[in-house]
Every structure is written in structure tokens, then in C-alpha cells.
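# Structure at a glance
Read off the chains here:
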Amino acid sequence: MIPSSFNTVTVDLQALVANYALLRHKAGDAVLLAMVKADGYGHGMVECATALEKCGCSVFGVAELREAVILRQAGITSAIYAMIGFDHGDAELFCTCDITPVVYDPDALQALSAAAVRWGRQIGVHLKVDTGMRRLGVEGEGLQKLAAAVDTLPNLYLAGIASHFPSADDAGSSSTNDCLSRFEKMKEVVAGRPGLVHHIANSGGTLYFPRSHDDMVRCGISLYGYYPEGRDEVADDGLQPVMSYTTRVLQVKEVPPGCGVSYGHTYTTTRPTTLAVLPVGYEDGYSRLLSNRGEVLIGGSRARIRGRVCMNLCMVDVTDIEGVSAGDEAVLLGCQGSERITADEIAARCNTISYEVLCMLGNNNQRRYRE
Ligand SMILES: *Cc1c(COP(=O)(O)O)cnc(C)c1O
């Protein structure tokens, strides 16, 4: 038997489902596509999709075709959108696994059509348009050409048109309204085909730009309990963080003033200090940028990281916390007593965003699920 790690990511599926319900309400009449790429932003793609499908979610989004096939094999029967393209040699998987392609280039359409003819299937294609993100997608003539190709190529039909906002996390962004205007024009280019699904809103669009909801919204970060702009607050009637990350104290030691701590001695004690050694390091997704900056919860209080975060270990200052001993729980993300550390707090200390913190912790640790 392989023993467990000291460190555990806990995924609260009840919180996930509560966030889904809240976003479902915000989305109004729009369909809610649940983004489960990046292994569900570190929360487990299959586990999250399974829990969401049970509570009524019927559309999922992933980045690569590989993820879509894994979801299908895990028993997800809902629609699955592969958002960022595919190796054209794999086109038949869209038929055999019933995956929805999002397309931005003519060669992909050729490959899909050939596969659809071979399998005697019709494939509904979504076209990706660039309304200002300058990432994947076409515009102008590119869109006309793709739409015409879908119309002429055998066994393909146009099922939808999609775009993506660069700044919808900023509720006051004028660029989001500019993107929307461009999207409206592009919708006109493909209008007249029955049943088209138009979708552009991410979490920011869903929360802050109701006008952008259209036929479907694609929520990622908000499902996992975080606001896209990094609002570091948790309210009872708001989104609930789904992930927590805990470990336990390996060793406690007393050191005098003037002692260097960890590699390079970047911290020197200024008083008689009690240090707790934790089995968490950058290998576990706990960034080295948290050296001398991060805080963890022990005994319901905050304890500061002292010195550099190592590959598998780090030290925290527990001088002001009574009676800490080996085996005590330490919370790196989540609640303990009345204290809470959010992914936004960790992200701010590392100059990044909650998305990256969740992926790093979630995808580098053993996960446990709370139903
Ligand atoms: C990741 C992603 C989303 C979800 O974005 P959030 O900000 O996490 O809600 C939506 N659409 C596309 C194309 C994406 O890549």
C-alpha cells in the first residue's frame, strides 16, 4: 500500500453545487456551461463535472480534446465543448465521443467534415471569433469564409458562435462593451441559420455584464468560489471557496535571536522564536514567492512563513501561538477557527491571480472530496 501524503487538498462539492445554483440564477435564461479545464481549475475535472451534472448542468467546457474524451469515458453524458482546437488526425473523436468542436481555422473544418462523412454523422460546429482578446478566433472575412465552409462541407452545420472577453472582470471596462458591439456585428454575419447558440460571457461577463449573457455563459473561476477580479471576501450570500489545503506540523523548535532560517538565511530571528516545520514546498504548488511572505493558520491564528520556501518544506513562526506541537493541523488555504486564507490572498502575495493558485495547489496534491 502506498501511504498518504501529509498534505491534502479538500474539495467541497456542496460549495461547488451552491456556486452553480447562484450562477444559474445570475445567468437567467442563458444556459450555463461549466468550465472544467485544467482538471477543473485544480478541483478534479471528472469529480466536479459528475457533481454538477447531477444537479442539472448539461454543458461542459474543456481546453483540449483529450480532456473531453476523458470526461466522456468517465460517464459524462452532457454536451462537452473542446475550446482550443485539436490535432486534425483526431477529428473522428468528435463523432465517436460526441464532442462539440470550437473551430477557428478552415483545415479543422475539412478534417471534421471528412470524419463526419466516414462515420455517417452530422457535426454541429461552433466558430470562434476574436472580438478583442487577440487570442484564438477569426474576424471579418475570416468569419465569412469559415461560415461558408461549414455551409458547403458535407455533414457539418453551424451550431454556434463564440468569443471571449479580455477584461470582463472589471465591471467598469469599456472594452467589454466594445467586444459586445463587435460580437453583435459578427452574429449578423452568420444570422439566418436556425438554432445558433451565441456565447461570449465568462465569469466576469456573467456577474457584471448581464447584457452579455446571450444564449449561454461559460463560468469557470466563479464556480470554484472566486470572483474574477480577485475580491478577497467571503459572504454568506456570495460565492463559496470550494478548495482548502491543509497539512500538519512535522517538528517544532525553539531558536534564539539572531538565527538565520532556511536556504540563504533570508530571515534572521529577532527574538527567541518558535518555528514549526511544515511538509509543504514549491513542489506541492506552494510558490517559492511565498518565502518570508506567506501566512498559514495554526491553532486558529496566523503564522508567517520565515525564510525561503523549500522544495518540500517550509518554516512558520508560531512564537505567538500557544502550545503548538508536531501533528497539529496547519491550514494553508481555507478556514481554521474564525480565520480564513483565500486563494486571492495567496495570489496577491505572489503577484498572480486565484486561478493560478488553485491550479498549482489542486493539481500538485492528493485531493479528498466532501460530498
Ligand atoms: C477559461 C475560459 C472561460 C472561463 O473563464 P473564467 O474567468 O474562469 O470564468 C470561459 N471561456 C473560455 C474560452 C475560457 O478559456
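From a predicted model like this one, the values you see are computed outputs, not experimental measurements. (Residues numbered from 1 in each chain as written. Predicted model: local features only at pLDDT ≥ 70, side-chain atom pairs only at ≥ 80, totals over all residues. Heavy atoms only, no water.)

### So, the pattern of salt bridges
Taken as a whole and assessed by the stated rule, the structure comprises 17 salt bridges. Residue lysine 187 is joined to glutamate 184 by a salt bridge in which the shortest nitrogen-to-oxygen separation is 3.2 Å. One end of the pair is lysine 187 and the other is glutamate 184, both in helix H8 (residues 174–190) and three residues apart, which spans about a single turn. Residue lysine 187 is classed as buried on the basis of its relative accessible area of 14%. In this structure glutamate 184 comes out as partly exposed when scored by relative accessible area, which is 36%. Across the salt bridge formed by glutamate 295 and arginine 302, the nearest N and O atoms sit 2.8 Å from each other. A single salt-bridge network, built from bridges that share partners, covers Glu295, Arg302, Arg304, Glu339, Glu345 and Arg349. (Salt bridge = Lys/Arg side-chain N within 4 Å of Asp/Glu carboxyl O. Helix = DSSP H or I, 4+ residues; strand = E, 2+ residues; numbered from the N terminus. Buried < 20%, exposed > 50% of the residue type's maximum accessible area, 1.4 Å probe, protein only.)

### Considering the domain arrangement of the protein
Considered domain by domain, the protein is made up of domain 1 (13–224) and domain 2 (243–370). Of the residues lining the interface, ten residues belong to domain 1; the matching set on domain 2 comes to ten residues. When domain 1 packs against domain 2, close to 930 Å² is buried across both sides, 59% of that on carbon and sulfur atoms. When the area that domain 1 buries against domain 2 is broken down by residue, the three leading residues are Gly42, His43 and Ile221, summing to 47%. Taken together, the links from domain 1 to domain 2 amount to one salt bridge. Aspartate 39 is the salt-bridge partner of arginine 367, the closest N and O atoms lying 3.1 Å from each other. Where domain 1 packs against domain 2, one counts six residue pairs in polar contact (both at pLDDT 80 or more). When contributions to the side of domain 1 that touches domain 2 are tallied by element, the ones reaching two or more residues are helix H1 (13–27) and helix H2 (37–41). Here the side of domain 1 that touches domain 2 takes three residues from H2, the largest share from any one element. When grouped by side-chain class, the residues that make up the side of domain 1 that touches domain 2 number four nonpolar, four polar and two charged. (Domains from an automatic or database assignment. Contact = heavy atoms within 4.5 Å. Buried area = accessible area lost by both parts, 1.4 Å probe. Polar contact = N/O pair within 3.5 Å; in protein donor to acceptor, adjacent residues only side chain to side chain. Nonpolar A, V, L, I, M, F, W, Y, C, P; charged D, E, K, R; others polar.)

### Notes on the sheet that holds strand S6 (residues 123–128)
Reading around the circumference, S2-S3-S4-S5-S6-S7-S8-S9 is the order of the eight strands in this closed barrel, with parallel pairing throughout. The average angle at which neighbouring strand axes cross in this sheet is 30°, direction not considered. Relative to strand S3 (residues 59–62), strand S2 (residues 31–35) runs parallel, the two sharing two bridges. Counted as the bridge partner of methionine 35 is glycine 61 from S3. (Pairing = 2+ DSSP bridges. Axes fitted to C-alpha atoms, helices over the stretch in contact; angles between N-to-C directions.)

### Examining the packing of aromatic side chains
Considering all chains together, one arrives at three aromatic pairs under this definition. A centroid spacing of 4.8 Å and a plane angle of 25° characterise the contact between tyrosine 41 and tyrosine 224, whose relative ring orientation is stacked. With tyrosine 41 in helix H2 and tyrosine 224 in the loop between strand S9 (216–219) and strand S10 (243–248), this residue pair connects regions lying 183 residues apart in the sequence. Judged by relative accessible area, which is 0%, tyrosine 224 ranks as buried. Where tyrosine 41 meets tyrosine 355, the ring centres are 6.0 Å apart and the plane angle is 35°; that geometry is what we call tilted. With a gap of 314 residues between them, tyrosine 41 in helix H2 and tyrosine 355 in helix H11 (residues 354–362) connect regions that are remote in the sequence. Three or more aromatic residues joined by ring pairs make a cluster, and in this case those are Tyr41, Tyr224 and Tyr355. Lying across the ring of tyrosine 227, arginine 231 places its NZ or CZ 3.8 Å from the centre. (Phe/Tyr/Trp six-rings, centres within 6.5 Å; stacked < 30°, edge-to-face > 60°. Lys NZ or Arg CZ within 6 Å of the ring centre and 35° of its normal.)

### Let's talk about the site of the ligand
In the vicinity of the ligand there are 13 residues, among which Lys37, Tyr41, Ser203, Ile221 and Tyr355 approach most closely. Arginine 135 is positioned with one of its side-chain polar atoms (N or O) 3.3 Å from an oxygen atom of the ligand. One nitrogen or oxygen atom from the main chain of isoleucine 221 is found 2.8 Å from an oxygen atom belonging to the ligand. Notes on the ligand: free accessible area 390 Å², of which the protein chains cover 92%. Elements supplying a minimum of two residues to the shell around the ligand: H2 and S9. When the residues that make up the shell around the ligand are grouped by side-chain class, the tally is six nonpolar, four polar and three charged. (Near = heavy atom within 4 Å. Areas by Shrake-Rupley, 256 points an atom, 1.4 Å probe, with all protein chains shown as cover.)

### Some details on the side chain of histidine 199
For histidine 199, the location among the structural elements is in strand S8 (residues 197–201). A polar contact is formed between the side chain of histidine 199 and the side chain of histidine 126, at a distance of 3.0 Å. Not counting chain neighbours up to four residues away, the residues in contact with histidine 199 comprise Tyr81, His126, Ile161, Ala162, Ser163, Phe183, Met216 and Arg218.

### Here's the deal with the environment of proline 279
Within the secondary structure layout, proline 279 lies in the loop between strand S14 (273–278) and strand S15 (295–298). Taking the relative accessible area as the measure of exposure, proline 279 reaches 8% and is therefore buried. As for proline 279 and methionine 315, which are separated by 36 residues in sequence, their C-alpha atoms are 8.9 Å apart. Discounting residues that sit within four places of it in the chain, proline 279 has contacts with Phe6, Asn7, Thr247, Arg248, Leu250, Asp284, Asn312 and Leu313.

### Digging into the pairing of strand S5 (residues 100–103)
Both faces of S5 are covered, namely the face carrying Thr100 and Val102 and the face carrying Pro101 and Val103. The sheet contact formed by strand S4 (residues 79–82) and S5 spans two bridges and is parallel. Its bridge partner being in S5, alanine 82 is matched across the sheet by proline 101. When S5 meets S6, the two strands line up parallel, connected through two bridges. For valine 102, the partnering residue across the bridge sits in S6 and is histidine 126.

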